[in-house]
Amino acid sequence: MEKSKEPLVDVRGLNLSRGDFCLEDIHFTVHAGEILAIIGKTGAGKTMILETIAGFSTPSSGDVRYKGVDIQKIPLHARNIGYLYQDYSLFPHLTAEANIGYSLKMRGLSKKEIREQVEEIASRFGITHVLGQYPGTLSGGEGQRVALARALITRPPLLLLDEPFSALDPVTKQGFYRMLREIQQDFGCAVVFVTHDFIEAEVLANRIGVLLGGRLCGIVPSQGLYTENWSPEVQAFLGMGMEA
Ligand SMILES: Nc1ncnc2c1ncn2[C@@H]1O[C@H](COP(=O)(O)OP(=O)(O)OP(=O)(O)O)[C@@H](O)[C@H]1O
């Protein structure tokens, strides 16, 4: 088999329960360099899917293969997957600079190497002026850039984003849409992001998956979201057939 044809991520028959909620028999792939959006209502299981792809949650059955290997069998430090949490989850007691350089420090790079790489990515994201600040003093947009820089500093082949734009105003959002496309091109990474926002998914993603009540109802090319022959449940979710 040609290596390039192998998916970057292969989610196979994934089942996972938390409390009364379950992700049920989820199958999908993510290919190198693509942008995949997963849309669903609040509580549909979007965050649980991202956490399972990253290997933070262990499925009750099925598995997630990352570059052909069960993610659970890859040690955390060797996974190199960028993760942007919904609330950014920056370390509050570390400056923006230390947050961004954290995983380089864990990898044993010298202070000089860390400083150079942090300065380079901070300049790329326009956050050089906040490097000395602590997370509590950053605006929402600055916090997001710092969190993105932290997620990308190790140049991961896969970036997972949990509702990355939901807290931003419409103008700032447009800037971040541009930035995400540039990141995806410059860093050459695949991106999986989850969102409630259909338009955002259509604008940014190559493919869109619809997740309802823990079931992945299908994945379609983004331009086909409203022409797919969806079940009545998905049609209702997408508001299809509701035009006056
Ligand atoms: N540790 C847990 N214990 C019990 N139930 C949980 C736990 N974690 C998640 N759940 C439940 O699983 C369901 C899916 O949660 P998840 O956070 O993945 O949803 P989501 O689609 O990301 O929602 P939102 O869009 O609101 O962030 C929810 O009903 C949630 O209450």
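Reading the values: the criteria
- Residues numbered from 1 in each chain as written.
- Predicted model: local features only at pLDDT ≥ 70, side-chain atom pairs only at ≥ 80, totals over all residues.
- Heavy atoms only, no water.
- Near = heavy atom within 4 Å.
- Polar contact = N/O pair within 3.5 Å; in protein donor to acceptor, adjacent residues only side chain to side chain.
- Helix = DSSP H or I, 4+ residues; strand = E, 2+ residues; numbered from the N terminus.
- Nonpolar A, V, L, I, M, F, W, Y, C, P; charged D, E, K, R; others polar.
- Contact = heavy atoms within 4.5 Å.
- Domains from an automatic or database assignment.
- Buried area = accessible area lost by both parts, 1.4 Å probe.
- Salt bridge = Lys/Arg side-chain N within 4 Å of Asp/Glu carboxyl O.
- Buried < 20%, exposed > 50% of the residue type's maximum accessible area, 1.4 Å probe, protein only.
- UniProt positions renumbered as here; feature names shortened; annotations may be inferred.
- Pairing = 2+ DSSP bridges.
- Axes fitted to C-alpha atoms, helices over the stretch in contact; angles between N-to-C directions.

Novice: Help me get a handle on the site of the ligand, residues and values and all.
Specialist: Near the ligand there are 14 residues, and of these Thr42, Gly43, Lys46, Thr47 and Glu163 occur at the shortest range. Within the backbone of Arg18, a nitrogen or oxygen atom sits 3.4 Å from a nitrogen atom of the ligand. Separating an oxygen atom of the ligand from a side-chain N or O atom of Thr47 is a distance of 2.8 Å. At three residues, the largest contribution of residues to the shell around the ligand is made by helix 1 (residues 46-53). When its residues are assigned to classes, the shell around the ligand shows three nonpolar, seven polar and four charged.

Novice: I'd like a description of the environment of Leu160, backed by residues and values.
Specialist: Mapped onto the elements, Leu160 comes out in strand 7 (residues 158-162). Here the alpha-carbon distance between Leu160 and Leu36, two residues 124 residues apart in the chain, equals 9.7 Å. Beyond its immediate chain neighbours, meaning those up to four positions away, Leu160 contacts Leu50, Ile53, Ala54, Ile81, Gly82, Tyr83, Leu84 and Val192.

Novice: Go over the domain arrangement of the protein, please, and point to the residues and values.
Specialist: According to the domain assignment, the protein contains domain 1 (1-80 + 160-244) and domain 2 (93-155). Taking only C-alpha atoms, the centre of domain 1 and the centre of domain 2 are 26 Å apart. On the side of domain 2, 12 residues touch domain 1, which itself brings 13 residues to the contact. When the area that domain 1 buries against domain 2 is broken down by residue, the three leading residues are Asn80, Met179 and Phe187, summing to 49%. Run the count over domain 1 and domain 2 and you get two salt bridges. Joining domain 1 to domain 2, the criterion identifies three residue pairs in polar contact (both at pLDDT 80 or more). At six residues, helix 6 (residues 170-187) tops the list of elements feeding residues into the side of domain 1 that touches domain 2. Here the residues of the side of domain 1 that touches domain 2 sort into nine nonpolar, two polar and two charged.

Novice: Give a detailed account of helix 1, specifying residues and quantitative values.
Specialist: With seven of eight residues buried, helix 1 is to be regarded as a mostly interior element. Along helix 1, the residues that are buried comprise Lys46, Met48, Ile49, Leu50, Glu51, Thr52 and Ile53. With its phi angle positive at about 85 degrees, Gly55 sits one or two positions after the end of helix 1.

Novice: Outline the UniProt feature "domain: ABC transporter" (unreviewed entry) in the protein, listing residues and values.
Specialist: According to UniProt, the positions carrying the feature "domain: ABC transporter" (unreviewed entry) are residues 6-238. Across residues 6-238 one finds 35% helix and 26% strand; the C-alpha atoms that close the span lie 32 Å apart.

Novice: I'd like a rundown of the sheet that holds strand 5 (residues 69-70), residues and numbers included.
Specialist: Hydrogen bonds between backbone groups are what pair the strands of a sheet, and the pairing can be parallel or antiparallel. The four strands are arranged 2-1-4-5 in an open sheet whose pairing can be described as antiparallel. Where the open sheet ends on each side, the last strands, each with one partner, are strand 2 (21-30) and strand 5. Set on the sheet, helix 1 makes contact with strand 1 (9-18), strand 2 and strand 4 (61-66); between it and strand 1 the angle comes to about 125 degrees.

Novice: Residue-level account of unusual backbone geometry, with values.
Specialist: Phi is positive for Asn80, close to 50 degrees, though the residue is something other than glycine. Along the chain, the position of Asn80 falls in the loop between helix 2 (76-79) and strand 6 (81-84). For Asn80, a relative accessible area of 18% gives the class buried. A positive phi is found at Ser89, a non-glycine position, where the angle reads about 45 degrees. Here Ser89 lies in the loop between strand 6 and helix 3 (96-106).

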